[in-house]
Amino acid sequence: MGWMHTARFLTTAAQLHHLPPVDVPEIAFVGRSNAGKSTSINTLTQQKQLAFASKKPGRTQHINLFALGKQGVTDAVLADLPGYGYAAVSRSDKERWQRVMLNYLMQRESLSAVVLLCDPRLGLTELDEALLDAIRPRVEQGLKFLVLLTKADKLTRSEQAKILSITKLNAGGGEVRMFSALKKQGVDDVAQLLWHWCHPDGLKPATPAPATPEAAAPVDTPATPDTPVQ
Ligand SMILES: Nc1nc2c(ncn2[C@@H]2O[C@H](COP(=O)(O)OP(=O)(O)OP(=O)(O)O)[C@@H](O)[C@H]2O)c(=O)[nH]1
Ligand SMILES: [Mg+2]
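All values derive from a computational prediction rather than experimental measurement.

Procedures and definitions
- Along each chain, residues carry numbers from 1 onward, in the same order as the chain's sequence is written.
- Chains and ligands are labelled by the order in which they are written, letters from A for the one and numbers from 1 for the other.
- The model is predicted, so local features are restricted to residues of pLDDT at least 70 and side-chain atom pairs to those at 80 or more, both for listing and for counting; the totals for chains, interfaces and linings are taken over all residues.
- Strands pair, by our definition, only if DSSP identifies at least two bridges between them.
- The helix and strand labels rest on DSSP assignments: H or I over at least four residues marks a helix, E over at least two residues marks a strand, and numbering proceeds from the N terminus.
- Fitted lines through C-alpha atoms serve as axes, helices being fitted only where they are in contact, and the angles separating the N-to-C directions of these axes extend from 0 to 180 degrees.
- We call two residues in contact when the distance between their C-beta atoms, placed using the backbone, is within 7 Å.
- Each nonpolar core comprises buried Ala, Val, Leu, Ile, Met, Phe, Trp, Tyr and Cys residues, the members being joined through C-beta atoms within 7 Å.
- Buried residues are those with 20 or more other C-beta atoms within 10 Å of their own C-beta, exposed residues have 12 or fewer, and partly exposed residues lie in between; C-beta atoms are placed from the backbone.
- By definition, a residue lies near a molecule or strand provided its backbone-derived C-beta atom is within 6 Å of it.
- Side-chain classes are defined by residue name, with Ala, Val, Leu, Ile, Met, Phe, Trp, Tyr, Cys and Pro counting as nonpolar, Asp, Glu, Lys and Arg as charged, and the others, Gly among them, as polar.
- Under the convention used throughout, the expected extent of a helix is 1.5 Å for every residue step, that is, one less than its residue count.
- Think of it this way: the bend at a residue is just the angle between two axes, each fitted to seven residues, one set ending at that residue and the other starting at it.
- Values of pLDDT, which run from 0 to 100, indicate the predictor's confidence residue by residue.
- With strands facing away from the observer, any crossover in which the path from the first strand over the helix to the second runs clockwise is taken as right-handed.

A few words on the sheet that holds strand β7 (residues 175–178). Strand order in the open sheet made by the seven strands is β1-β3-β4-β2-β5-β6-β7, with mixed pairing throughout. Edge positions in the sheet fall to β1 (8–13) and β7, since each has one partner strand and no second. On average, adjacent strands in this sheet sit at an angle of 25° to one another, irrespective of strand direction. Relative to strand β4 (residues 76–80), strand β3 (residues 63–68) is paired through five bridges, and the arrangement is antiparallel. Note that in β4 the partner of N64 across the bridge is D80. Relative to the sheet, helix α3 (residues 126–140) contacts β2 (26–31), β5 (111–118) and β6 (144–149), its axis offset from that of β5 by approximately 160°.

Next up, the structure:
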């Protein structure tokens, strides 16, 4: 979807209070280290290296923001967050990242949707469940969330169907989708969902009106009472 491809780097910050406030919907990509957050952002935005993806877990160590919007007008922001649960990180680093992420999820005012990425071969882990618990009060106030089951290319069709229905039962009312960056599975569907979340009034991006006679306003129609004539 063209809207997603407009993504551009906005800023990076190690702490919540270093992030600039934004006045458009912000969608956070969260999940275990190595789940595929950065890769999915690159795939959805069709940009090879917008977000840093790596075989080495723990690659993303800051909150990175990317702006979306046509003609340079930002109408949404994506946030790539550091992953959690990476065993080889020191305990103090782990605790620091968990604190940064929880503060972000609880306090970031512009946050309007969370995409929780999950490797379906691991399922929702304890840390994923803790995250879902942490955001539940905000979900009740309208925060949207999507569980994105990544690396679908590693599963057979029937394994995918099974994990999809199990995760739907455990996702507490959130959306659930299968996704593969490798096979481009689920890309359009997820892009559309995020578009609708950021444009709940259903407005399409501005396009010039077609220059057809039918599209032009009839000149001889009298103004109706609720159409002020100036
Ligand atoms: N087969 C396959 N591999 C994937 C897919 N998505 C991501 N990967 C691989 O998974 C590894 C981790 O991907 P990242 O996108 O860096 O993961 P991350 O969640 O951002 O990790 P952190 O930044 O450490 O939190 C990389 O080796 C990717 O190539 C996918 O759809 N299919
Ligand atoms: Mg990453």
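Membership of the largest hydrophobic core comes to 48 residues, with the highest contact counts inside it found for A28, F29, L78, A79, V115, L116 and L148. The leading source of residues in this core is β5, at seven residues. Those residues in contact with A28 that sit more than four places away from it in its chain are A79, L81, L111, V114 and V115.

Around ligand 1 sit 24 residues, and of these G36, S38, T39, T60 and G83 come closest. Ranked by residue count, the leading element in the shell around ligand 1 is helix α1 (residues 37–45), at three residues. A per-class count over the shell around ligand 1 returns six nonpolar, twelve polar and six charged.

Turning next to unusual backbone geometry. Phi at Q46 takes a positive value of approximately 55°, unusual for a residue other than glycine. On the secondary structure map, Q46 appears in the loop between α1 and β3. Unusually for a residue other than glycine, K184 sits at a positive phi of about 60°. Relative to the helices and strands, K184 is located in the loop between β7 and α5 (187–198).

Moving on, we get to α3. A rise of 1.5 Å per residue sets the reference length of α3, with its 15 residues, at 21 Å; its end C-alpha atoms lie 21 Å apart and thus fit the reference within 8%. The sharpest bend along α3 comes to roughly 35°, located at A134, with the proline P137 sitting one to four residues further on. Every buried residue of α3 is listed here: D128, L131 and I135. In this structure, the buried residues of α3 make contact with β2, α2 (91–107), β5 and β6. Where α3 terminates, the next one or two residues include G142, which has phi positive at roughly 115°.

Detailed reading of predicted coordinates is not advised where the pLDDT is low. With 86% of its residues at a pLDDT of 70 or more, the protein shows a mean pLDDT of 85. Across residues 206–230, confidence stays below pLDDT 50; counting only partners more than four residues off in sequence or on other chains, it has three contacts.

Burial along β7 is one-sided: the face carrying V176 and M178 is buried and the face carrying E175 and R177 is not. Relative to β7, β6 runs parallel, the two sharing four bridges. When the sheet's bridge partners are listed, L148 is paired in β7 with R177. For the crossover from β6 across helix α4 (residues 157–170) to β7, the handedness is right-handed.

Now for the environment of R96. Among the secondary structure elements, R96 is positioned in helix α2. Taking the number of C-beta atoms within 10 Å as the measure of exposure, R96 has 15 and is therefore partly exposed. Here the alpha-carbon distance between R96 and Q15, two residues 81 residues apart in the chain, equals 9.8 Å.

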